[in-house]
Amino acid sequence: MTSVVSVFKTKPDSVLEDYNNAMELAEAKKALPKSKETILKLNLSWTKFYPACSSPPWQLDGVLKFLEANNYKEIHAVENCTVVTDVMEGAKLNKWLPVLKSHNLKFEPLTEVKWIDYEPKAEMLAMNDIFPDGFQIPKMFIGKNVIHLPTMKTHGHTVMTGAIKNAFGGLITKRRHHCHKMIHEVIVDLLQIQKEIHPGIFAVMDGTVCGDGNGPRTMIPVEKNYILASGDQVAIDAISAKMMGFDPLKIPFIKKAHDLGLGCGDPKQISIVGEDISNINFHFKTGKSPVIFFDQLFRKKMKVLEPILFHTPLFKMCVLGSAMYHDNIWYNTVGRQRVRQFMGSGWGKLFNSY
């Protein structure tokens, strides 16, 4: 079966309708059984609001309107914390809470749900090495559809990030920073697990404002005005990567997932419906923030220090250093200026309307 990715050009005053059209054209109703409950896996890359960093409110609003119009019941909006993010504060600052309230839904942080031991049926590439004593997943995920709500952005650990990596924040506890040394293999493992536990998987990617450079936080926000949707997680990431200017099959997690038959990562074999993107190239370049640079240095090159820095109380100093750099230094200098510029745009005005 040919993988389909819908791509829509959009603007602030039509974005909700365009989300509906993108999901319709990508056959969301076919991918997501209505008889099942549905999880909306949001994307929180930073507690603070920063353009392109986390799921914007119109993305959540547009997806919810589609689900309600098509009589989907029992919808759960979820996200997890990390060692450097506060999930409830992030839901507030990124304006998810007023959107959910308008749809009579509550935010369900994964920090407050039951996690259970899980033994995958598929052979794992890395999860058993990272977690030799086993690992847990949220019990509520089993037997439910999932819709991922990523943004189009670069990522210092994985070149770019999208639908596949969005499961990273849902199926692993906040200890997931230990996965960075085998990140490509881990997120492919998580796609295998998703196919075991979810009756339906879908992704809707927001590219209204994209992130270029040192993703997933300290990026340059770039207005591109695109929406993508697909029932194939590998295909939507491949098309997103291609639009950003990368060769999808040279990105390890896309290539590994493609080779394992978990989806299609070759743009030549993907049916793109909606916009003609044959000549689209954002010319994005992935950079690494100092935090990601040193994380990779100590985990992959200076391996003798990895157990000391990341598996002892010294790790608290690493967390403190990351928070200090991102939240206090970078955001209060470079970040605030970029946020102010964004707020003067059409998308900034739409954000404030929520």
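Residues numbered from 1 in each chain as written. Predicted model: local features only at pLDDT ≥ 70, side-chain atom pairs only at ≥ 80, totals over all residues. Heavy atoms only, no water.

Enquirer: Whenever I open this one, the overall build of the chain confuses me. Can you help?
Expert: Per the secondary structure count, the chain includes 15 helices and twelve strands. Here the chain, with 354 residues, has 57% of them falling under the buried criterion. Counted over contacts in the chain with a minimum sequence separation of 6, partners at least 24 positions apart contribute 78%. For the chain, the accessible surface area stands at approximately 14,800 Å², while carbon and sulfur atoms represent 53% of it. (Helix = DSSP H or I, 4+ residues; strand = E, 2+ residues; numbered from the N terminus. Buried < 20%, exposed > 50% of the residue type's maximum accessible area, 1.4 Å probe, protein only. Contact = heavy atoms within 4.5 Å. Areas by Shrake-Rupley, 256 points an atom, 1.4 Å probe, with all protein chains shown as cover.)

Enquirer: Would you mind showing me how to read helix α11 (residues 252-259) here?
Expert: For an α-helix, 3.6 residues make a turn, and residues three or four places apart therefore share a direction. By the burial criterion, the buried members of α11 are Phe253, Ile254 and Ala257. Axial view of α11: buried residues confined to an arc of 100 degrees, hence all on one face. Turning to α11, the residues buried within the fold contact β9 (159-161), α7 (163-166), α9 (183-197) and α10 (233-244). Following α11 by one or two positions, glycine 261 adopts a phi angle in the positive range, close to 75 degrees. (Arc of directions from axis to C-beta.)

Enquirer: For this particular structure, what's the right way to read the packing of aromatic side chains?
Expert: Any pair of aromatic rings gets described here by the distance separating the centres and the angle formed by the planes. Here the structure, examined in full by the defined rule, presents eleven aromatic pairs. Centre to centre, the rings of phenylalanine 131 and phenylalanine 135 are 6.3 Å apart; their planes meet at 50 degrees, and the pair counts as tilted. Residue phenylalanine 131 shares its accessibility class with phenylalanine 135, and that shared class is buried. Relative to phenylalanine 282, the ring of tyrosine 226 lies with its centre 6.2 Å away and its plane at 35 degrees, an arrangement referred to as tilted. In this pair, tyrosine 226 is assigned in strand β11 (residues 218-230) and phenylalanine 282 in the loop between β12 (270-274) and α12 (290-301), connecting sequence segments 56 residues apart. The pair tyrosine 226 / phenylalanine 282 is uniform in exposure class, with both members buried. Grouping aromatic residues by their ring pairs yields a cluster made of Trp46, Tyr50, Trp330 and Tyr331. Sitting over the ring of phenylalanine 351, lysine 95 keeps its end group 4.9 Å from the ring centre. If you follow arginine 217 out to its NZ or CZ, it ends over the ring of tryptophan 46, 5.7 Å from the centre. (Phe/Tyr/Trp six-rings, centres within 6.5 Å; stacked < 30°, edge-to-face > 60°. Lys NZ or Arg CZ within 6 Å of the ring centre and 35° of its normal.)

Enquirer: Help me out: how do you make sense of the side chain of lysine 144 in this one?
Expert: Tracing the chain through its elements places lysine 144 in the loop between β6 (135-138) and β7 (145-148). Accessibility expressed as a relative area gives 13% for lysine 144, which makes it buried. Ignoring any residue separated from it by four or fewer positions in sequence, one finds lysine 144 in contact with Glu37, Ile39, His76, Ile197, His198, Pro199 and Gly200.

Enquirer: Hey, could you run me through the pattern of salt bridges in this one?
Expert: Should the charged atoms of two oppositely charged side chains come close, the side chains can pair. Scanning the entire structure with this criterion turns up five salt bridges. The salt bridge involving glutamate 37 is made with lysine 144; its shortest N-O contact spans 4.0 Å. Taken as a pair, glutamate 37 in the loop between α2 (28-31) and β2 (38-41) and lysine 144 in the loop between β6 and β7 lie far apart in primary sequence, 107 residues in all. For glutamate 79, the salt bridge is made with lysine 41, and the minimal N-O distance between the two is 2.9 Å. (Salt bridge = Lys/Arg side-chain N within 4 Å of Asp/Glu carboxyl O.)

Enquirer: Help me out: how do you make sense of the side chain of histidine 148 in this one?
Expert: Within the secondary structure, histidine 148 is located in strand β7. Looking at histidine 148, its side chain comes within polar contact range of the side chain of glutamine 194, at 2.7 Å. (Polar contact = N/O pair within 3.5 Å; in protein donor to acceptor, adjacent residues only side chain to side chain.)

Enquirer: Looking at this structure, how should I read the pairing of strand β10 (residues 201-214)?
Expert: As a general feature of sheets, a regular strand has side chains that alternate between the two faces. In terms of burial, β10 is a largely internal element, 13 of the 14 residues being buried. In terms of strand pairing, β10 meets β11 through eleven bridges, oriented antiparallel. Residue pairing for β11: valine 209 is matched across the bridge by glutamate 223. (Pairing = 2+ DSSP bridges.)

Enquirer: For this particular structure, what's the right way to read the pairing of strand β3 (residues 75-79)?
Expert: Most of β3 sits out of view: five of its five residues are buried. Along β3, one buried face is formed by Ile75, Ala77 and Glu79 and the opposite face, lined by His76 and Val78, is buried too. Summarising the sheet, β2 and β3 pair through four bridges and their orientation is parallel. The partner of leucine 40 across the bridge, within β3, is alanine 77. Since β2 and β3 lie parallel, the crossover through helix α3 (residues 57-69) that links them has a hand, and here it is right-handed. The pairing of β3 with strand β4 (residues 107-109) spans three bridges and is classified as parallel. Considered in β4, the bridge of valine 78 is made with glutamate 108. (Right-handed = clockwise from strand over helix to strand, strands pointing away.)

Enquirer: Before we go on, may I ask you to explain the nonpolar core in this structure?
Expert: Here is a general trend for soluble globular proteins: nonpolar side chains tend to be buried in one another's company. Counting 59 residues, the largest nonpolar core has Val186, Leu190, Leu228 and Met243 as its most contacted members. Among the nonpolar cores identified, the runner-up in size contains 47 residues, and Met23, Trp58, Tyr72 and Trp96 belong to it. (Core = buried A, V, L, I, M, F, W, Y, C linked by side-chain atoms within 4.5 Å.)

Enquirer: Quick question: what am I supposed to make of the packing of helix α1 (residues 15-25) against α3 here?
Expert: For any two helices packed against each other, the geometry is given by the interaxial angle and the distance between the axes. With their axes 8 Å apart at the nearest point, α1 and α3 run at an angle of 55 degrees to one another. Between α1 and α3, the angle falls in the class oblique. With respect to the hand of their crossing, α1 and α3 are arranged in right-handed fashion. Here Val15, Leu16, Tyr19, Asn20, Met23 and Glu24 of α1 come into contact with α3, specifically with Trp58, Gln59, Asp61, Gly62, Val63, Lys65 and Phe66. For the contact of α1 with α3, the per-class residue count stands at seven nonpolar, three polar and three charged. (Axes fitted to C-alpha atoms, helices over the stretch in contact; angles between N-to-C directions. Parallel < 35°, antiparallel > 145°, perpendicular 65-115°, else oblique. Left-handed = near helix turned anticlockwise from the far one by under 90°. Nonpolar A, V, L, I, M, F, W, Y, C, P; charged D, E, K, R; others polar.)

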